[in-house]
Amino acid sequence: RYLTRASTGVRARLERLAGRLNGAQAAQAKGSPDALARASADLLMLRQSAFVLAENCSKYADLFEHVGFVVGDELDHFADGVLDAIERVQAFQ
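Let me sum up the structure you'll find in this document. (Residues numbered from 1 in each chain as written. Predicted model: local features only at pLDDT ≥ 70, side-chain atom pairs only at ≥ 80, totals over all residues. Heavy atoms only, no water.)

## Description of the overall build of the chain
1) Next: Looking only at helices and strands, the chain has three helices and zero strands in total.
2) Next: Reading the secondary structure of the chain in the N-to-C direction produces α-α-α.
3) Next: Looking at the chain as a whole, 24% of its 93 residues qualify as buried.
4) Next: By sequence separation, contacts in the chain at least 24 residues apart represent 62% of the contacts at least 6 residues apart.
5) Next: Counting only carbon and sulfur atoms, one obtains 54% of the accessible surface of the chain, whose full area is about 6400 Å². (Helix = DSSP H or I, 4+ residues; strand = E, 2+ residues; numbered from the N terminus. Buried < 20%, exposed > 50% of the residue type's maximum accessible area, 1.4 Å probe, protein only. Contact = heavy atoms within 4.5 Å. Areas by Shrake-Rupley, 256 points an atom, 1.4 Å probe, with all protein chains shown as cover.)

## Notes on the packing of helix 1 (residues 10–30) against helix 2 (residues 33–67)
1) Next: Where helix 1 contacts helix 2, the axes come no closer than 9 Å and their chain directions differ by 160°. As summarised for this structure, helix 1 and helix 2 are arranged roughly antiparallel, according to the angle between their axes. The element helix 1 and its partner helix 2 pack so that their crossing is left-handed. Together, V10, R13, L14, L17, R20, L21, A24, A27, Q28 and K30 of helix 1 and A35, L36, A39, D42, L43, M45, L46, S49, A50, L53 and C57 of helix 2 make up the contact between the two elements.
2) Next: Residues of the contact of helix 1 with helix 2, tallied by class, amount to 15 nonpolar, two polar and four charged. (Axes fitted to C-alpha atoms, helices over the stretch in contact; angles between N-to-C directions. Parallel < 35°, antiparallel > 145°, perpendicular 65-115°, else oblique. Left-handed = near helix turned anticlockwise from the far one by under 90°. Nonpolar A, V, L, I, M, F, W, Y, C, P; charged D, E, K, R; others polar.)

Quick look at the structure:
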C-alpha cells in the first residue's frame, strides 16, 4: 500500500508535499513578514517529511534485500516501486 498509487502511497504524499512547496514559494515571493514566517515553517515541515519518506523507502529497500525471497515472483514489482519512490524522494529533496 505504501508503494502503490493509493492516497497513502509515497507518490501521493510527494504530490501533496509538492503542493505545499509551491505554496511556500508563493509566500516567499510576497515578502511580507507573515508570509515569510509561514514559508519558513512550511519549508521546515517539508524537509522533515522528505527525510521521513526517504528513511521509509530505505527501510523497504533493506527489507526486500534481506527477505525478498519470501515474496517470490512479486519481488520485482515491489522492488520497482521502492526504486521509483526513492528516485522521487531524492528529486524532491
